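So you can see what is in the structure, the chains are spelled out below.
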Amino acid sequence: MHVVCPGSFDPVTSGHLDIFTRAAQNWEKVTVLVTFNPNKKGLFSAEERVDLIRKSIAALPNAPQNIEVDTFQGLLVNYLSEHNIKAMVKGLRSSLDYEYELPMAQMNHRLSGAETYFLLTSPEYGYVSSTLCKEVAKYGGDVQGLLPEPVVSAMQQKFAENQR
């Protein structure tokens, strides 16, 4: 079965990579789908996010070969329909994530019949979020291990450019 792991991934974290690789162990093909809102200004463009995810996956020891990365703007169910995908995988850190994700999963199922599978985040990443990592890195805090190395480097460069 082919599944999608959708999200903004601005930026991708080590917790996201954990979900992607665990999904790749359980499904034949995993598409990491970078979704974005053109009305929101993220730290990284959609193209940069795709590139960082690809580099981060490639840098993993024993990198899974059944993960691809794509980008999409619009309703997720339209992407699923266009690519004949019947399921998605989402990572959950806490009950707050569940409360946020449940109505979306139910709406996606109503609109397309797609199933949503929830994977619980590994305990070492339970507190890691893209937003928190950006905030810590912006003020010079250490995010090593929380973000893949390609992302740490790109973030440092981005924040250095913004300081000029």
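Basis of the calculations
- Residues numbered from 1 in each chain as written.
- Predicted model: local features only at pLDDT ≥ 70, side-chain atom pairs only at ≥ 80, totals over all residues.
- Heavy atoms only, no water.
- UniProt positions renumbered as here; feature names shortened; annotations may be inferred.
- Helix = DSSP H or I, 4+ residues; strand = E, 2+ residues; numbered from the N terminus.
- Buried < 20%, exposed > 50% of the residue type's maximum accessible area, 1.4 Å probe, protein only.
- Contact = heavy atoms within 4.5 Å.
- Pairing = 2+ DSSP bridges.
- Right-handed = clockwise from strand over helix to strand, strands pointing away.

1. As for the UniProt feature "binding site: substrate" (unreviewed entry) in the protein
For step 1, the next point in the chain: Mapped onto this structure's residue numbering, the UniProt feature "binding site: substrate" (unreviewed entry) falls at S8, K40, L76 and K90.
For step 2, the next point in the chain: Relative to the elements of secondary structure, S8 occurs in the loop between β1 (2-7) and α1 (14-26).
For step 3, the next point in the chain: For S8, a relative accessible area of 41% puts it in the partly exposed group.
For step 4, the next point in the chain: In this structure, S8 is in contact with V34, T35 and R49, ignoring residues within four places of it in sequence.
For step 5, the next point in the chain: Here K40 shows up in the loop between β2 (29-35) and α2 (46-58).
For step 6, the next point in the chain: Overall, K40 belongs to the exposed group, its relative accessible area being 64%.

2. Examining the pairing of β2
For step 1, the next point in the chain: Within β2, five of the seven residues are buried, which leaves the element mostly enclosed by the surrounding structure.
For step 2, the next point in the chain: With six bridges joining them, β1 and β2 adopt parallel strand pairing. Along β2, the bridge assignment pairs C5 with V32.
For step 3, the next point in the chain: Since β1 and β2 lie parallel, the crossover through α1 that links them has a hand, and here it is right-handed.
For step 4, the next point in the chain: One crossover worth recording links β2 to the parallel strand β3 (residues 67-72) by way of α2, and it is right-handed.

3. Thoughts on unusual backbone geometry
For step 1, the next point in the chain: P11 follows D10 through a cis peptide bond whose omega is 0°.
For step 2, the next point in the chain: The residue P11 is located in the loop between β1 and α1 in this model.
For step 3, the next point in the chain: In this structure, N62 is a non-glycine residue whose phi angle is positive, near 55°.
For step 4, the next point in the chain: On the secondary structure map, N62 appears in the loop between α2 and β3.
For step 5, the next point in the chain: Residue N84 is not a glycine yet carries a positive backbone phi of 50°.
For step 6, the next point in the chain: Mapped onto the elements of the fold, N84 is located in the loop between α3 (76-82) and β4 (87-92).

4. Side note on the environment of S81
For step 1, the next point in the chain: Relative to the elements of secondary structure, S81 occurs in helix α3.
For step 2, the next point in the chain: Classification of S81 as exposed rests on a relative accessible area of 58%.
For step 3, the next point in the chain: The spacing of S81 and E124 is 43 residues in sequence and 35 Å in space, taken between C-alpha atoms.

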